[in-house]
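Listed here are the chains, written in short residue letters.
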Amino acid sequence: MTGRRGERSRLRLLQLTGLTSSCDRFALAPLIVVIGIDMRAPLVAVLAVASAYYLAYGLMQPVWGLVSDRIGRVRVMRIALLGAALAGVVSALAPNLLVLGVSRTVSAACVAALIPATLVYVGDMWPAQVRQRPLAEVLTASSLGTALATAGAGAAAQLVGWRAVPAVTGVAAAALWVALRRLPEPEREPASQSPIGSLLAVVRDRWALVVLVLVLVEGAIVLGVLTYLPAAVQALGSSEGVAGLVAASFGVGAVVLSRVVRSLVGRLSAVGLATVGAAMLVAGWALPALTVSLVTVTVGGLLVGGSWAFLHTTLQSWATEVVPGERAAMIALFAALLFLGGSVGTAVLAPLADVAAFDAVFRVAVAVSVPLAVAAVLARRRYGERGTIGPAPAAD
């Protein structure tokens, strides 16, 4: 695959890989109640399966990132896809909750490799000046997977049964395992130090630490709060189907606005993109903080999705260039802290959600979003002023 056509073909494969990963991850939450009823298991037991999934997903991010430095980006993606395919089949046929829990945890450990590997691949193959454009493309597909999983998993469970959901993601993973044979492996320097050395090299870099702290807080205030969108809508008396559709507004906003980001890359600076995203983040949580309703939660989800397209891709692009010699380790830590932040945000806000104080949940989100927005924009501007922006060493 060479030239412009080859570039588009590579990007399509990366998009499909990211979409499959997001579908697998976000499809579990809408199925928790249905699985509990079908398997006659208490809700707390099914929630334990979900917790194991999310824990494995977060913990395996650094592992896969370091492995890809040693055996290659494409090889890691294909190994992970094969494991996810097998785990999807086992999940679809699981006779009890124990087998389902083990297979879902294995699937999480495998799909955890996919989005970080696609980001590192983009960093290896595209120069820094235009890198945010393909990153936005990958994010578009990932966000589409989020929207499809959030809105579609529950509907699929009602129409054909919940087992169809892991079966579909398993089949998709198997198809991509075959398709990625056509994806060229980026040229890269052999790993010059141990995995621990790679991680230490990242955390010793001051700007890398800034990016990692920002994404940790972003994970808490975006992924953590998004967990409660369906519950906030259901507390208004809406059905589970309506709640799922409203929650999908985040994915829709990210998909639509990612197309805008793509057209603006090269015309608007990274600081400008971050500023737009930061403003959307604050506005998105401010609306339901004022009053929780179907309209404010939906519009808020759309705006936060737009922030994901503008601000998060800016952080992603920054992460690919800040320590170019240890790009895989940096992206692995970036992804791990993003989802760790999401877990922390969910846990911290749980007491408020438990008493249906969702207005307070969104007020906390606004209170944290404002300093995050200011810090992200000022830090990105300072980084650019110090002359550190430039073409990352391209592996092509």
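The structure we're discussing is the one just above.
Below or above, wherever it landed, is the structure these notes cover. For clarity, every value in this text was computed on a predicted model and none was experimentally measured.

The rules behind the values
Once a new chain begins, its residue numbering starts again from 1 and follows that chain's sequence as written. Local features are withheld for residues below a pLDDT of 70 in this predicted model, meaning they are given only at 70 or higher, and side-chain atom pairs are given and counted only at 80 or more; totals for whole chains, interfaces and linings count all residues. Neither water nor hydrogens contribute to the side-chain values; these are computed over all heavy atoms in the structure. Disulfides are defined as pairs of cysteine sulfur atoms found within 2.5 Å of each other. A simple rule labels every residue: compare its accessible area, found with a 1.4 Å probe on the protein chains alone, to the largest value its type can have, and call it buried under 20%, exposed over 50%, or partly exposed in between. Strands here mean DSSP runs of E at least two residues long; helices mean DSSP runs of H or I at least four residues long; both are numbered from the N terminus. We define a polar contact as two N or O atoms separated by no more than 3.5 Å, with the added condition that, inside protein, one atom must be a possible hydrogen donor and the other a possible acceptor, whereas residues neighbouring each other in sequence contribute only through side-chain atom pairs. In what follows, a contact means two residues having at least one pair of non-hydrogen atoms within 4.5 Å. Each Phe, Tyr or Trp ring (for Trp, its six-membered ring) is paired with any other whose centre lies within 6.5 Å, and the angle between the two planes then decides the class: stacked below 30 degrees, edge-to-face above 60, tilted in between. Charge over a ring is defined by NZ of Lys or CZ of Arg lying within 6 Å of the ring centre and within 35 degrees of the ring normal. Take the residue count of a helix, subtract one, and multiply by 1.5 Å to get its expected span. To get the bend at any residue, fit one axis to the seven residues that end at it and another to the seven that begin at it, then take the angle between the two axes. We define a salt bridge as a contact between a side-chain nitrogen of Lys or Arg and a carboxyl oxygen of Asp or Glu at a distance within 4 Å. Helix axes are fitted to C-alpha atoms over the stretch in contact, other axes to C-alpha atoms as well, and angles between N-to-C directions run from 0 to 180 degrees. Classification convention: Asp, Glu, Lys, Arg as charged; Ala, Val, Leu, Ile, Met, Phe, Trp, Tyr, Cys, Pro as nonpolar; all other residues, Gly among them, as polar. Residues belong to one nonpolar core when they are buried, are Ala, Val, Leu, Ile, Met, Phe, Trp, Tyr or Cys, and are joined through side-chain atoms within 4.5 Å. For this classification, under 35 degrees means roughly parallel, over 145 means roughly antiparallel, 65 to 115 means roughly perpendicular, and everything else is oblique.

1. Some details on the state of the cysteines
- Tallied over the full model, the rule gives zero disulfides.
- Here Cys 23 stays free of any disulfide, with the sulfur of Cys 110 as its closest cysteine sulfur at 17 Å.
- Cys 110 sits in the buried class, given a relative accessible area of 10%.

2. A look at the side chain of Thr 169
- Tracing the backbone through its elements, the reader meets Thr 169 in helix 8 (residues 164-179).
- The exposure class of Thr 169 is buried, given its relative accessible area of 11%.
- Within the structure, Thr 169 has its side chain in polar contact with the side chain of Asp 24 (distance 3.3 Å).
- Setting aside residues no more than four positions away along its own chain, Thr 169 makes contact with Thr 20, Cys 23 and Asp 24.

3. Overview of the environment of Pro 186
- Secondary-structure assignment places Pro 186 in the loop between helix 8 and helix 9 (195-203).
- Note: C-alpha distance between Pro 186 and Ile 221 (35 residues apart in sequence) is 34 Å.

4. Structural notes on the packing of aromatic side chains
- Scanning the entire structure with this criterion turns up seven aromatic pairs.
- A centroid spacing of 4.7 Å and a plane angle of 80° characterise the contact between Tyr 57 and Phe 339, whose relative ring orientation is edge-to-face. Of this pair, Tyr 57 sits in helix 3 (residues 43-71) while Phe 339 sits in helix 17 (residues 327-354); the two residues are 282 residues apart in sequence, bridging distant segments of the chain. The exposure classification of Tyr 57 matches that of Phe 339, with both residues buried.
- Ring-pair connections join several aromatic residues into one group, and the members of that group are Tyr 53, Tyr 57 and Phe 339.
- Lying across the ring of Phe 26, Arg 25 places its NZ or CZ 4.6 Å from the centre.

5. Quick look at helix 7 (residues 132-160)
- Helix length check: helix 7, at 29 residues, gives a terminal C-alpha distance of 39 Å against a target of 42 Å (1.5 Å per residue), a fit within 8%.
- The largest bend in helix 7 comes to about 40°, at Gly 152.
- Positive phi shows up at Gly 161, right after helix 7, with a value of about 105°.

6. Side note on the pattern of salt bridges
- Counted according to the given criterion, the structure contains six salt bridges.
- Of the charged contacts, one joins Glu 137 and Arg 8 as a salt bridge, the two residues approaching to 3.6 Å between their closest N and O atoms. With Glu 137 in helix 7 and Arg 8 in helix 1 (residues 3-26), this residue pair connects regions lying 129 residues apart in the sequence.
- Note that Asp 124 is salt-bridged to Arg 327, the shortest N-O span being 3.0 Å. Of the two residues, Asp 124 is situated in helix 6 (residues 114-125) and Arg 327 in helix 17; the sequence distance between them amounts to 203 residues.

7. Examining unusual backbone geometry
- Located in the positive-phi region is Arg 40, a residue other than glycine, with phi close to 55°.
- Residue placement: Arg 40 occurs in the loop between helix 2 (32-38) and helix 3.
- Among the residues examined, Arg 40 registers a relative accessible area of 80% and is labelled exposed.
- Of note, Ala 356 is a non-glycine position whose phi angle comes to about 60°, a positive value.
- According to the relative accessible area criterion, Ala 356 is partly exposed, its value standing at 48%.

8. As for the environment of Ala 92
- Within the fold, Ala 92 resides in helix 4 (residues 73-93).
- Along the chain, Ala 92 and Ala 220 lie 128 residues apart, while their C-alpha atoms are 31 Å from each other.
- For Ala 92, the contacting residues outside a window of four places in its chain are Arg 163, Pro 166 and Ala 167.

9. Brief notes about the packing of helix 16 (residues 294-322) against helix 17
- Where helix 16 contacts helix 17, the axes come no closer than 8 Å and their chain directions differ by 145°. Here Trp 308, His 312, Leu 315, Gln 316, Ala 319, Thr 320 and Val 322 of helix 16 come into contact with helix 17, specifically with Arg 327, Met 330, Ile 331, Phe 334 and Leu 338.
- Partitioned by chemical class, the residues of the contact of helix 16 with helix 17 number eight nonpolar, three polar and one charged.

10. Things to note about the nonpolar core
- Of all hydrophobic cores here, the largest spans 119 residues; its most connected members are Ile 35, Met 77, Trp 285 and Trp 318.
- Among the elements that take part in this core, helix 18 (residues 358-385) stands out by supplying eleven residues, more than any other.

11. Points about the packing of helix 3 against helix 17
- Across the interface, helix 3 lies against helix 17 with an axial gap of 8 Å and an inter-helix angle of 175°. Here helix 3 is positioned roughly antiparallel relative to helix 17, judged by the angle of their axes. Along its contact with helix 3, which presents Tyr 57, Gly 58, Gln 61, Pro 62, Gly 65, Leu 66, Ser 68 and Asp 69, the element helix 17 presents Ala 328, Ala 329, Ala 332, Ala 335, Ala 336 and Phe 339.
- By residue class, the composition of the contact of helix 3 with helix 17 is nine nonpolar, four polar and one charged.

12. Some words on the side chain of Glu 137
- Judged by its relative accessible area of 1%, Glu 137 is buried.
- Those residues in contact with Glu 137 that lie beyond four places of it in its chain are Arg 8, Leu 11, Arg 12, Gln 15, Arg 259 and Arg 262.

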